[in-house]
Amino acid sequence: MAVTIERARGCLLGQAAGDALGAPIEGMARDRTLRHNGGVRDYADARTQWTGQLGRAHLPGLYTDDTQQALLIADVLVERRGFDADLARERYLELARPAPGLPRGAHRATGGTFRAALQRMAAGYPSMLTGVPSAGNGAAMRVAPIGLWYAADPDGLRRAAIEASLQTHADARGVSAAVAVAFLASYLATHTVAGDDAERAALEAAALFTRDAEVELAAQRPDLRPARFSGVLSLVAGLWGAARWDVLRAIVCEANRHGPARPITSPADPFAAASVATAIYLALAAPDFEQAVTQAVNLGGDADTVGAISGALAGARWGAGAIPQRWLDGLENRQGIISRADALAGGAKGGAGWEELPAMARRVALSQARVREGW
Ligand SMILES: [Mg+2]
């Protein structure tokens, strides 16, 4: 079954909305965000969340690096009619170049893993060796477009998700979590998933697919410590129907068995076995799009990324029509996101009004830079 424009838009707009809802409270503890405002329900002004912290200035309704990188991957897919790591590298480096008003380039709020990988890209490492060890969620946060593009080609999906992940993350734990997200974006965009049985079946299908990818990855990269993100998915499937906090607690316990650098205490910890599993669980267990995303971001912690992944999957599942209108209205660069979704579903670059990626990324980064200056 092909991915419709409605589901493709749901996926990318859902990702951007979840990302933008979580962005102002990224890194905030759950109890603080609940105490502060009773939980996020709308695009918040970061100034009301983090009093006087200049670095936290954020344009309300604007997505972060998670969606920025997802749009870059979408662009590569439609340009080359498939994932091409060399073109992705070119685009990552192009956005890193200083531009008028953007002395540090157009990449926004990137993490240390990504910046280290960028340096290796610039230094000319082979495309599959630019990644650095990290079991974080930074690969999983950007691969949903791969699921949309390769919905009818599971082998292509697995290969593309692995390559797009290894480009920054040389750790099978981060890569296998990304494979699970790409698979579920494809599955949810092409199935009707309603009711406990269908939800559990989706999770079991994702666990199977991810296990195959883990075997393939272990053969391809014997230097990497083997991953078993598939085991987290099976665990959650086995708990289907249990109370939400019991499942989230089980995810935290299981994540601690996957060798995190420090003990995991939050289901929204950036460690992939925690936050990616949490985002997947909420997208499948919540009754609608709005709850999938608000439950995700209000866990605090890595709120933008848990919101982005949960939003991408819930959007693929329920379509753009399920996203609350107030979130669509307030979303920055909505037309740019829609143009990429339509190109992924239609198989070609958009027509009139199509804005090339570097120009789009710079325009968006400049609007954010102006907010920071004005604060
Ligand atoms: Mg982010």
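Residues numbered from 1 in each chain as written. Predicted model: local features only at pLDDT ≥ 70, side-chain atom pairs only at ≥ 80, totals over all residues.

Peer 1: Before we move on, can you summarise the overall build of the chain with the specific residues and values?
Peer 2: When you go through the chain residue by residue, the secondary structure sums to 18 helices and zero strands. Taken against the 2.2 N^0.38 rule, which gives 21 Å for 375 residues, the C-alpha radius of gyration of the chain at 19 Å falls within 12% of a compact globule. In terms of principal-axis extent, the alpha carbons of the chain reach across some 50 × 50 × 40 Å. (Helix = DSSP H or I, 4+ residues; strand = E, 2+ residues; numbered from the N terminus. Rg over C-alpha atoms; globule rule 2.2 N^0.38 Å.)

Peer 1: So, the packing of helix α13 (residues 272–285) against helix α15 (residues 303–318): which residues are in play, and what are the values?
Peer 2: Packed helices, taken two at a time, are described by the angle their axes make and the gap between the axes. Where α13 meets α15, the closest approach of the two axes is 8 Å, and the angle between their N-to-C directions is 35°. Handedness of the crossing formed by α13 with α15: right-handed. Along its contact with α13, which presents S275, V276, T278, A279, I280, L282 and A283, the element α15 presents T305, V306, I309, S310, L313, A314 and R317. Counted by class, the contact of α13 with α15 contains nine nonpolar, four polar and one charged residues. (Axes fitted to C-alpha atoms, helices over the stretch in contact; angles between N-to-C directions. Left-handed = near helix turned anticlockwise from the far one by under 90°. Contact = placed C-beta atoms within 7 Å. Nonpolar A, V, L, I, M, F, W, Y, C, P; charged D, E, K, R; others polar.)

Peer 1: A description of the nonpolar core should follow, citing residues and the corresponding values.
Peer 2: Of all hydrophobic cores here, the largest spans 130 residues; its most connected members are I146, V181 and A185. The element contributing the most residues to this core is helix α9 (residues 172–190), with 14 residues. Among all residues touching V181, those that are not within four sequence positions of it are A140, V143, A144, V276 and I309. (Core = buried A, V, L, I, M, F, W, Y, C linked by C-beta atoms within 7 Å. Buried ≥ 20, exposed ≤ 12 C-beta atoms within 10 Å, placed from the backbone.)

Peer 1: Explain helix α5 (residues 85–96) residue by residue, including any values.
Peer 2: In a regular helix each residue adds 1.5 Å, so twelve residues correspond to 16 Å; α5 covers 16 Å between its end C-alpha atoms and thus fits that length. For α5, the complete set of buried residues consists of A88, R89, R91, Y92 and L95. The buried residues of α5 occupy an angular sector of 165° when projected down its axis, which confines them to one face. (Expected span 1.5 Å × (residues − 1). Arc of directions from axis to C-beta.)

Peer 1: Provide a residue-level description of the environment of A74, including the pertinent values.
Peer 2: For A74, the location among the structural elements is in helix α4 (residues 65–80). Through-space distance from the C-alpha of A74 to that of V143 is 8.7 Å; in sequence the pair is 69 residues apart. Beyond its immediate sequence surroundings of up to four residues, A74 is in contact with P145, R340 and L344.

Peer 1: How would you sum up unusual backbone geometry? Please name residues and give values.
Peer 2: Even without being glycine, R81 reaches a positive phi, approximately 55°. The phi torsion at N333 lies on the positive side, around 55°, for a residue other than glycine. Along the chain, the position of N333 falls in the loop between α16 (325–329) and α17 (334–346).

Peer 1: Account for the packing of helix α1 (residues 5–22) against α15, naming residues and giving values.
Peer 2: Their axes nearest at 6 Å, the elements α1 and α15 cross at an angle of 155°. With respect to α15, the element α1 is oriented roughly antiparallel. Between α1 and α15 the crossing geometry is right-handed. For the pair α1 and α15, the contacting residues are R7, G10, C11, L13, G14, Q15, A17, G18, D19, L21 and G22 in the first and A303, D304, V306, G307, A308, S310, G311, A312, A314, G315, A316 and W318 in the second. Classifying every residue of the contact of α1 with α15 by side-chain character gives eleven nonpolar, nine polar and three charged. (Parallel < 35°, antiparallel > 145°, perpendicular 65-115°, else oblique.)

Peer 1: Can you lay out the environment of S127 for me, pointing to particular residues and giving the numbers?
Peer 2: Considering the arrangement of structural elements, one finds S127 in the loop between α6 (112–122) and α7 (144–149). Residues S127 and A164, spaced 37 residues apart in sequence, show a C-alpha to C-alpha distance of 9.6 Å.

Peer 1: Which residues make up the environment of A178, and what values do they have?
Peer 2: Looking at where A178 falls in the secondary structure, it is placed in helix α9. With sequence-adjacent residues up to four places away left out, A178 is seen in contact with A139, A140, V143, A161 and S165.

Peer 1: Give me α4: which residues, what numbers.
Peer 2: Here α4 is 16 residues long and its end C-alpha atoms lie 22 Å apart, about the 22 Å a rise of 1.5 Å per residue gives. Within α4, 14 of the 16 residues are buried, which leaves it mostly tucked inside the rest of the structure. Phi for R81, located one or two positions after α4, is positive at around 55°.

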